[in-house]
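Next come the chains, spelled out residue by residue.
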Amino acid sequence: MSIQYFEDRKLFILSCRSVSYAFYIDRNRRAVHLHFGGKVIGETGLVEQEIRKGHSSFSPWAPGEKPEDSVDALPLEFSGFNSGDFRIHSAAVLTENGSLITDALYVSHRIFQGKEPLPGLPAAFASRTGNVETLEVTMRDTACDVEFLLRYSVFEECDVIVRSAAVRNRTASPVVIRRLMSAQLDLPHTAFDFVQLSGSWSRERHAVRTILHPGIQTIRSVRGSSGHQNSPALALCAHDATEYSGDVYGALLAYSGNFRMEVECEQYGTSRLCLGINPETFSWTLAPGETFETPEAFLTFSAEGFSGMSRNFHDFLRNHLIRGGWAEKKRPLLVNSWEAAYFDFDSEKLLGIAKSAAALGIEMLVLDDGWFGVRNDDTTSLGDWFVNREKIGDLGELVRKINALGLKFGLWFEPEMISEKSELYRKHPDWVLHEPGRRRSIGREQMVLDLSRPEVVQYLFDTIAGVLRSANIEYVKWDMNRNLTEVYSAALPPERQGEVAHRYMLGVYRLHEMLLEAFPNLLIEGCSGGGGRFDAGMLGYVPQIWCSDDTDAMERIRIQLGTSLFYPVSAMGAHVSVCPNHITGRSTPFATRGNIALSGTFGYELDLTKLSPEDRLLVREQVADYHKYHDLIANGDLHRLSDAFSVNAFDAWMYVSKDRKEALITAVCRFAEPNAGVRFVRPRGLDPETVYEVDGMRISGATLMALGLRMDLPPGDGASRLCYLKAL
Ligand code: DGJ
């Protein structure tokens, strides 16, 4: 049993493999947080040591209560608004009389085996691996019949607690939700560092660590998507936490739109984390009888530093979020036409690339942007999802020829966008997000379709499904190349305009759902100008996301290591591209480009017909490596052996299979140094008792982990090697 309820103290203890979460319902019917961290045994010692003491008159208390009951000072599972708790809060709901005062108390709870899906939103699921139990707590507002549901699903074997919230309007009039966070978590002190994945286009998800300071520290998006700038992922760690030691709390939000994750260091020495839909761009009118659901928040804790947090999240996302069996299934090794040809291709050129690909053992050709409408550059045709026959003739015919070469075929779409120069825009100018009478922003010559409208979603489904049925298309790259502006829907009344951004996301999720229902074997790769929408929300529909438009191997080390803090390597789209790199102009050895792309879904992003004979040989080796190491990389445990937070002269990371029978180390020297000493890497996660064969030696796991493994690399910037360890 992972959820226990002790009626005498009204105490809930949620237990995972090595983590516990506890709260209780106090004498005033508040849900008071007690603990999230290392595993507790027995129910004693939690309520007795709750954080409660009398404070000043500036922290108010309710009539009949005492100063120490002040909601401004208690650690709480849920906080309302304008009713005494002045910290960042869970909810604010506007009622018919114009009051935004929100204050809810415990009413009841239920505990059940498994976990229910969330209608319309990505959601974690129970699977054959491990036990899952759910607690649902119902709270009711003190002045009206508005109910709040707090949900906790315990994914025991991953040390992950999934939280979400809902509001149910049981009053006779509509209410307006102004803020409803997925989770609020109060921690007993403020001595944390704040860890985020930040960056920009082509420089996504660099790991950044700063000291948590008094006030509120926030990451957020108002871009209509999670954005390149901050992924909805955050960790709070002890100041002395390292890759392998120290307390680390991790939080992910399963949402791909405007989000907010914030931590407040407050006056009484505690800190509060709130995460959910960004209230800055959100309000939602809830009619009587209706319920509104938030996205899910995934919370974990590890006392084993960042590596422990990462492993918890990797296992959890692979086993309980990525669906369709794709987490374990081998993805086709692909070549993508984008950096190979951009818009300049015809069927002959594509078949040329396909022939070279087949000869090299590559398994799929992906036709990227430029195959539809009259799109020969990025100024036209988005929305016109019909084949440009002048360029590629009959799509079915082309795919048959590619299949005949032994290759699968994949196709690029940018479903959410529309070009002003398109037939779709001529027919449906009102389908664009815009406010009539106001000038409209352009990004890459394109506008955003109003996916809050069901008819737009239906149109996109019909059109895309039509293309998918017209040929044997087994993969779709779903791109999204600008952010949302002038977010206003011609289809909604003025008082509902605050719903558009979230309804847009629901439309995106709905379209994914419809496509996956109609094409259950379809592999969809997410993309947004690279990794502009790399989040746990998208991973609820797509097993892999193009990590970055920056395919420079050296840059990718930082991006992929940062990303790996929270997201599994099997979710990271990574390809070998040409040098000088199209984004950075840097040249890196071909072998190293392969070694780094192997730490991802692996593929090529170049014109295979132009490879030198030496590089062709290297491609063959890389293809063999892909097959040899796939399971280890995709399903094993990742151990970062160098600092993910900085640019290092030397980087290394490794994968260890779950049974610890094999391991793979990747080592890269970014900058060659003259007269550098001998370098050792210290492997992690091996079985100390097992003897491993490595580099022609037979060494015990214990010796390898204590002494390390001598790592001599060829000379030159960007030299690298893979080092395989096999248990004897
Ligand atoms: C941005 C993507 O990240 C690229 O890989 C490519 O698909 C282009 N869009 C196509 O326009």
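The structure under discussion appears in the preceding block.
So, a few notes on the structure that sits alongside this text. (Residues numbered from 1 in each chain as written. Predicted model: local features only at pLDDT ≥ 70, side-chain atom pairs only at ≥ 80, totals over all residues. Heavy atoms only, no water.)

1. Focus: the packing of aromatic side chains
Inspection of the entire model under this criterion finds 33 aromatic pairs. Between the aromatic rings of F155 and F316, the centroid separation amounts to 5.0 Å while the plane-to-plane angle is 85 degrees, which identifies the pairing as edge-to-face. Of the two residues, F155 is situated in strand β8 (residues 146–155) and F316 in helix α1 (residues 305–320); the sequence distance between them amounts to 161 residues. Taken as a pair, F155 and F316 share a single burial class, namely buried. Its end group placed over the ring of W546, R556 keeps NZ or CZ at 4.8 Å from the ring centre. Positioned above the aromatic ring of Y724 is the side chain of K628, whose terminal nitrogen or guanidinium carbon lies 4.5 Å from the ring centre. (Phe/Tyr/Trp six-rings, centres within 6.5 Å; stacked < 30°, edge-to-face > 60°. Helix = DSSP H or I, 4+ residues; strand = E, 2+ residues; numbered from the N terminus. Buried < 20%, exposed > 50% of the residue type's maximum accessible area, 1.4 Å probe, protein only. Lys NZ or Arg CZ within 6 Å of the ring centre and 35° of its normal.)

2. Some points on the pattern of salt bridges
Tallying each qualifying case throughout the model produces 56 salt bridges. Via salt bridges that share partners, D26, R27, E50, R52 and D69 belong to a single interconnected network. (Salt bridge = Lys/Arg side-chain N within 4 Å of Asp/Glu carboxyl O.)

3. So, helix α10 (residues 590–597)
Judged by how many residues are buried, α10 sits mostly within the fold: seven of eight residues are covered. Within the span of α10, buried status applies to F590, T592, R593, G594, N595, I596 and A597.

4. Structural notes on the sheet that holds strand β26 (residues 475–478)
In spatial order, the strands read β29-β28-β27-β26-β23-β22-β21-β31-β30; together these nine strands make up an open sheet with parallel pairing. Each edge of the sheet is formed by a strand with only one pairing partner; in this case those strands are β29 (572–573) and β30 (576–577). In the sheet, strand β27 (residues 523–526) pairs with strand β28 (residues 544–546) via two bridges, with the strands oriented parallel. Looking at the pairing, G526 lines up with I545 of β28. Running at roughly 155 degrees to strand β22 (residues 364–367), helix α3 (residues 347–360) makes contact with β21 (334–336) and β22 of the sheet. (Pairing = 2+ DSSP bridges. Contact = heavy atoms within 4.5 Å. Axes fitted to C-alpha atoms, helices over the stretch in contact; angles between N-to-C directions.)

5. Focus: the layout of surface pockets
By volume, the largest pocket amounts to about 410 Å³. If you go around the largest pocket, you meet 26 residues; those closest to its centre are W201, N481, G529, G530 and D549. When the residues that make up the lining of the largest pocket are grouped by side-chain class, the tally is eight nonpolar, eight polar and 10 charged. Estimated volume of the second largest pocket: approximately 310 Å³. Along the walls of the second largest pocket sit 22 residues, with L34, H35, F36, I51 and P188 positioned nearest its centre. The element contributing the most residues to the lining of the second largest pocket is strand β4 (residues 31–38), with six residues. The class makeup of the residues in the lining of the second largest pocket is 11 nonpolar, eight polar and three charged. (1 Å grid on protein atoms, 1.4 Å probe; cavity = no way out; pocket = protein on both sides within 12 Å on 5 of 7 lines; lining within 4 Å. Points joined across faces, edges and corners; volume = space filled by probe spheres on them. Nonpolar A, V, L, I, M, F, W, Y, C, P; charged D, E, K, R; others polar.)

6. Here we look at empty space enclosed by the protein
Summed over the entire model, instances satisfying the criterion amount to 11 cavities of 30 Å³ or more. One number sums up the size of the largest cavity: a volume of about 110 Å³. Lining the largest cavity are R331, V569, S570, L598, G600, T601, Y626, Y629, H630, I633 and A634. Grouping the constituent residues of the lining of the largest cavity by class yields six nonpolar, four polar and one charged. As a volume, the second largest cavity reaches approximately 80 Å³. Lining the second largest cavity are R556, I557, Q560, L561, S564, V569, M572, I596, S599, L638, W653 and Y655. Broken down by secondary-structure element, the contributors of at least two residues to the lining of the second largest cavity are α9 (553–564) and β33 (650–656). Among the elements that line the lining of the second largest cavity, the one with the most residues is α9, at five residues. Residue composition of the lining of the second largest cavity, by class: eight nonpolar, three polar and one charged.

7. A look at the packing of helix α7 (residues 454–470) against helix α8 (residues 500–518)
Running from N to C, α7 and α8 cross one another at 35 degrees; their axes reach a closest spacing of 10 Å. You can see that α7 and α8 cross each other, and the crossing is right-handed. Across the interface between the two elements, V457, Q458, L460, F461, I464, L468 and R469 of α7 pack against G507, R510, L511, M514, L515 and A518 of α8. Split by residue class, the contact of α7 with α8 holds nine nonpolar, two polar and two charged. (Left-handed = near helix turned anticlockwise from the far one by under 90°.)

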